[in-house]
Amino acid sequence: MRSYLTSLAAIAASIPFIDAHGYVSGIVVGGKWQSGWNPSYQYSSTAPAVAGWTTTVTDNGFVTPADYAGPDIICHKGATAAPTSVAVAAGSTIGLEWTVWPDSHKGPVLDYLASCPGDDCTSVDKSALEFFKIDAGGYINSTGNGGSWASDQLIANNNTWTLTIPSNLKPGGYVLRHEIIALHSAGSTDGAQNYPQCINLKVTGSGTVLPTDTVKGTALYKATDPGILINIYQTLTSYTIPGPAIPSALKAAAKRGMAFVA
Ligand SMILES: *[C@@H]1O[C@H](CO)[C@@H](O)[C@H](O)[C@H]1NC(C)=O
Ligand SMILES: *[C@@H]1O[C@H](CO)[C@@H](O)[C@H](O)[C@H]1NC(C)=O
């Protein structure tokens, strides 16, 4: 029995990860790098305690519009709360390093926060999280097949997305929900691909704003949203970034989002 289990574990450990899509492997705050959740940790009995939420993602895959009302859209497949947090001051930046991103997978990059009850995100119930958007990039211009998108900016920036934590955000424990939505097949119903990644943050500062106009993860998107069901290989004159608007009470972070909402 024991050797049977041992060999099962060996087989599991050797399952290859298709690296075509990638995941957030690094979190950079104030020049300091921390490891994110590596999906291969799910096969390790000694997975390091990181601030990236655990998942059961096996192929760096995605969640589809058919699952927008289900739990996997919140923080990716089988996600559970991370045991630690990344400390970050309101008003400062956080860099999210993806292992790789294919340039064919064009689309918006979005960032949301949800406040954790009692500021403790380590055992939070994801279905209770109430999200508000703090940052987003969408369609930029028509250069290239399918145009230039926030995903192309991420690739050009060392596969890294850098966002600012709103300077007037109330300090506390938050779940950061970072996401790329790939639209290369989004001209057909259920063709968009969502790649959410969640990270626990401990936000410091003296801000006072905690948005109350929030949305559950399972209510962020609909399959027919104009920014979800869209053929990007046509001439676009505008693009509506999916999800709720950035609350107007939040400072600074809205800059990029507003600039790219055509
Ligand atoms: C389109 O956007 C890309 C990415 O930001 C940029 O490199 C390129 O110069 C832009 N092209 C035009 C014509 O503005
Ligand atoms: C680019 O990202 C890699 C990790 O993917 C990191 O090791 C490296 O330091 C980054 N380079 C710069 C210039 O930030």
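Refer to the structure above for everything that follows.
Owing to the predicted nature of the structure, the values given are computational and were not obtained by experimental measurement.

What counts as what
Residues numbered from 1 in each chain as written. Chains lettered and ligands numbered in written order. Predicted model: local features only at pLDDT ≥ 70, side-chain atom pairs only at ≥ 80, totals over all residues. Heavy atoms only, no water. Pairing = 2+ DSSP bridges. Helix = DSSP H or I, 4+ residues; strand = E, 2+ residues; numbered from the N terminus. Axes fitted to C-alpha atoms, helices over the stretch in contact; angles between N-to-C directions. Phe/Tyr/Trp six-rings, centres within 6.5 Å; stacked < 30°, edge-to-face > 60°. Buried < 20%, exposed > 50% of the residue type's maximum accessible area, 1.4 Å probe, protein only. Salt bridge = Lys/Arg side-chain N within 4 Å of Asp/Glu carboxyl O. Disulfide = S-S within 2.5 Å. Polar contact = N/O pair within 3.5 Å; in protein donor to acceptor, adjacent residues only side chain to side chain. Contact = heavy atoms within 4.5 Å. Core = buried A, V, L, I, M, F, W, Y, C linked by side-chain atoms within 4.5 Å. Near = heavy atom within 4 Å. Areas by Shrake-Rupley, 256 points an atom, 1.4 Å probe, with all protein chains shown as cover. Nonpolar A, V, L, I, M, F, W, Y, C, P; charged D, E, K, R; others polar.

(A) Fine view of the sheet that holds strand β1 (residues 24–29). Pairing in this open sheet of four strands is antiparallel, and the strands run β2-β1-β4-β9 from one edge to the other. The open sheet is flanked by β2 (32–35) and β9 (160–164), the only strands paired with a single partner. Each adjacent strand pair in this sheet contributes to an overall mean axis angle of 25°, direction not counted.

(B) Focus on the packing of aromatic side chains. Across all of its chains, the model carries nine aromatic pairs by this definition. Ring centres of W37 and Y41 lie 5.4 Å apart, and the angle between their planes is 85°; on these two criteria the pair is classed as edge-to-face. An angle of 85° between the planes, with centres 6.5 Å apart, marks the rings of F132 and Y174 as edge-to-face. With a gap of 42 residues between them, F132 in strand β6 (residues 130–137) and Y174 in strand β10 (residues 172–182) connect regions that are remote in the sequence. Overall, F132 belongs to the buried group, its relative accessible area being 1%. Among the residues examined, Y174 registers a relative accessible area of 1% and is labelled buried. Here a set of aromatic residues connected by ring pairs shows up, and it is made of F62, W98, W101 and Y195.

(C) Molecular detail of the pattern of salt bridges. Applying the stated criterion to the full structure yields three salt bridges. Note that D152 is salt-bridged to K106, the shortest N-O span being 3.1 Å. With D152 in helix α3 (residues 150–156) and K106 in the loop between β4 (93–98) and β5 (109–115), this pair connects stretches of sequence that are 46 residues apart. One exposure class covers both D152 and K106, and it is buried.

(D) Representation of the state of the cysteines within the structure. Going through the model one piece at a time under the given rule, you end up with two disulfides. Here C75 engages in a disulfide with C198; their sulfurs sit 2.1 Å apart. Measuring handedness by torsion sign, the sulfur bridge of C75 and C198 sits at about -80° and is left-handed. Here the residue C75 occupies a position in helix α2 (residues 72–75), and C198 occupies one in strand β11 (residues 193–204), the gap between them amounting to 123 residues. Here the two residues C75 and C198 agree in accessibility, since each one is buried.

(E) Broad picture of the pairing of strand β3 (residues 86–89). Because side chains alternate across β3, one face comprises the buried residues V86 and V88, and the other comprises A87 and A89, none of which is buried. Pairing between β3 and β11: four bridges, direction parallel. Bridged to A89 within β11 is T204.

(F) Examining the side chain of N194 more closely. Along the chain, N194 falls in strand β11. Note on N194: relative accessible area 0%, which makes it buried. A polar side-chain atom of N194 sits 2.7 Å from a polar atom in the side chain of Y68. Among residues more than four places away in sequence, those in contact with N194 are F62, V63, Y68, I73, E179, I180, I181 and Y221.

(G) View of the nonpolar core. Ranked by internal contacts, the top residues of the largest apolar core, which has 35 residues, are W53, V175 and L183. Looking at this core, the elements with two or more residues in it are α2, β5, β6 and β10.

(H) Structural detail: the site of ligand 1. Taken together, the residues surrounding ligand 1 are I140, N141, T143, S148 and Q153. One of the side-chain N or O atoms of N141 is found 2.4 Å from an oxygen atom in ligand 1. Note that a nitrogen atom of ligand 1 is positioned 3.1 Å from one of the side-chain N or O atoms of T143. Bound to the protein, ligand 1 loses 38% of the 360 Å² it would expose on its own. Here the shell around ligand 1 is built from residues that sort into one nonpolar, four polar and no charged.

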